[in-house]
Amino acid sequence: MEITFFYRNHKCGFSISKVFNTLTDEIGKTNTIEAYYMPAHRADLISVLKNIFYVFKHRNKKGINHVTGDIHYCIIALLGCKSVLTIHDLSALDCAKNPFKKYIFKLLWFRLPLLMADKVICISEHTKKQLGKISNRKDIEVIYNAVDPSFEINLKQFNSEKPVILQIGTAWNKNLKNLINAIQRIPCHLVIVGSVDISMIRLLNKKKISYSIKTGLSDAELLLEYYECDIVSFCSLYEGFGMPIIEANAIGRCVLTSAISPMTEIAADAACLVKPNDVISIENGLKQIIFNADYRDQLIDKGFLNILRFKVTDISKSYINLYSK
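Residues numbered from 1 in each chain as written. Predicted model: local features only at pLDDT ≥ 70, side-chain atom pairs only at ≥ 80, totals over all residues. Heavy atoms only, no water.

A.B. asks: Break down the sheet that holds strand S8 (residues 189-193) for me, with residues and values.
C.D. replies: Pairing within the open sheet is parallel, and its 6 strands lie in the order S9-S8-S7-S10-S11-S12. A single partner strand is all that each edge strand has here, and the edge strands are strand S9 (210-214) and strand S12 (272-274). Between one strand axis and the next, the sheet turns through 20° on average, direction left out of account. Summarising the sheet, strand S10 (residues 231-234) and strand S11 (residues 254-258) pair through 4 bridges and their orientation is parallel. Looking across to S11, one finds that Phe234 is bridged to Thr257. (Pairing = 2+ DSSP bridges. Helix = DSSP H or I, 4+ residues; strand = E, 2+ residues; numbered from the N terminus. Axes fitted to C-alpha atoms, helices over the stretch in contact; angles between N-to-C directions.)

And the structure:
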């Protein structure tokens, strides 16, 4: 088969392309693939039209065209072609405060693409359920993200005296403020991956937190941060999936995550679940991991079982079966 993947512009972030690169490496072993990145990264009318035209110009008339996420509206350029759309979450809609802007996002990012795409994929049952509130489409399928095979088991001695807590991401939904407040009474070192604004730095210093900030990490450098940490914290307020959960599971690290969807769906029983809006709940969850060795071992063992659901060979087969249809 010939499969053409369309990605959002790099300035929008690398998370989607990173997830799909893991898949395309596997899919490309038995299929011919091409990849294109959008020329525009904004959500204004000119950028949208520019991206639609770009997809139209590079569409594969004979093979499969796969819009990998975010730029859902580009399905418009694929009318008459075989098209697949992956929807990761509804953040574009949920974050729109202006009623007119919300209407435009609902129309261009969701309603029209859901009508036009031959196949629609969600990365979690949670996202599929959310889409059900704005669409009557009944054939939406769920295919999970795959964990990068480079995340291999790498066990280490747990540092119970001063554990290293790894926080991936600093956007509003990553809940960094509540995590900082939760660890102020816990001897630990917090490693934050992502740019941190001055207000968070002031809070870190005010709470006398031992911390380091890492930005611009390569994939290899990020993997090393996972290896060197003791706990992965992912107490997000909002997510479409939750890659750090399964990445931590894969290498053998305890995960602290939110007791909300889709994190509960992805983590199953392989993480310590806490209330993301409750600082005391986060603090108690961390203490349970730090001071209960049996509980830590149970989480790690369950993580090794949980990760079997996200093997790249199985996830890629699901997409190949979909393309074959």
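A.B. asks: Could you give an account of the pattern of salt bridges, naming the residues involved and the relevant values?
C.D. replies: Enumeration according to the criterion identifies 8 salt bridges in this entry. Between Glu239 and Lys174 there is a salt bridge, and its shortest N-O distance comes to 2.6 Å. Here Lys174 lies in the loop between strand S7 (164-168) and helix H6 (176-182) and Glu239 lies in the loop between S10 and helix H9 (243-251), a separation of 65 residues in the sequence. Grouping residues by exposure puts Glu239 and Lys174 together as buried. The salt bridge involving Glu225 is made with Lys214; its shortest N-O contact spans 2.8 Å. Remark: Lys214 occurs in strand S9 and Glu225 occurs in helix H8 (residues 219-228); sequence separation between them is 11 residues. Look at Glu225 and you get buried, because its relative accessible area is 9%. (Salt bridge = Lys/Arg side-chain N within 4 Å of Asp/Glu carboxyl O. Buried < 20%, exposed > 50% of the residue type's maximum accessible area, 1.4 Å probe, protein only.)

A.B. asks: I'd like to hear about the environment of Asn51, residue by residue, with values.
C.D. replies: Turning to its location among the elements, Asn51 is positioned in helix H2 (residues 45-58). By relative accessible area, which is 0% here, Asn51 ends up buried. Spatially, the C-alpha atoms of Asn51 and Cys74 are 6.8 Å apart, while their sequence positions differ by 23 residues. Setting aside residues up to four positions removed in sequence, Asn51 forms contacts with Met38, Pro39, Ala40, Tyr73 and Cys74. Side-chain polar atoms of Asn51 contact the backbone nitrogen of Ala40, separated by 3.1 Å. Polar contacts involving the side chain of Asn51 include one to the side chain of Tyr73, which spans 2.9 Å. (Contact = heavy atoms within 4.5 Å. Polar contact = N/O pair within 3.5 Å; in protein donor to acceptor, adjacent residues only side chain to side chain.)

A.B. asks: Explain the pairing of strand S3 (residues 64-67) residue by residue, including any values.
C.D. replies: By the alternation rule, side chains of S3 split into Ile64 and His66 and Asn65 and Val67, which are all buried. Here strand S1 (residues 2-7) pairs with S3 via 4 bridges, running parallel. Residue pairing in the sheet places Phe5 in a bridge with His66 of S3. As paired strands, S3 and strand S4 (residues 82-87) are joined by 4 bridges and run parallel to one another. Paired with Ile64 across the two strands is Lys82, which belongs to S4.

A.B. asks: Quick one: what's the story with the sheet that holds strand S6 (residues 141-142), residue by residue and with numbers?
C.D. replies: Ordered in space as S2-S1-S3-S4-S5-S6, the 6 strands form an open sheet in which the pairing is parallel. Looking at strand neighbours, the two that pair on one side only are strand S2 (32-37) and S6, the edges of this open sheet. As paired strands, strand S5 (residues 119-122) and S6 are joined by 2 bridges and run parallel to one another. Paired with Ile121 across the two strands is Glu141, which belongs to S6.

A.B. asks: Describe the packing of aromatic side chains, and please don't skip the residues or the numbers.
C.D. replies: All chains considered together, the criterion is met by 15 aromatic pairs. For the pair Tyr73 and Trp109, a centre-to-centre distance of 4.8 Å together with 70° between the ring planes defines the contact as edge-to-face. Residue Tyr73 is found in the loop between S3 and S4, and its partner Trp109 is found in helix H4 (residues 99-116); the two are separated by 36 residues along the sequence. Of the two residues examined, Tyr73 and Trp109, each falls in the buried class. (Phe/Tyr/Trp six-rings, centres within 6.5 Å; stacked < 30°, edge-to-face > 60°.)

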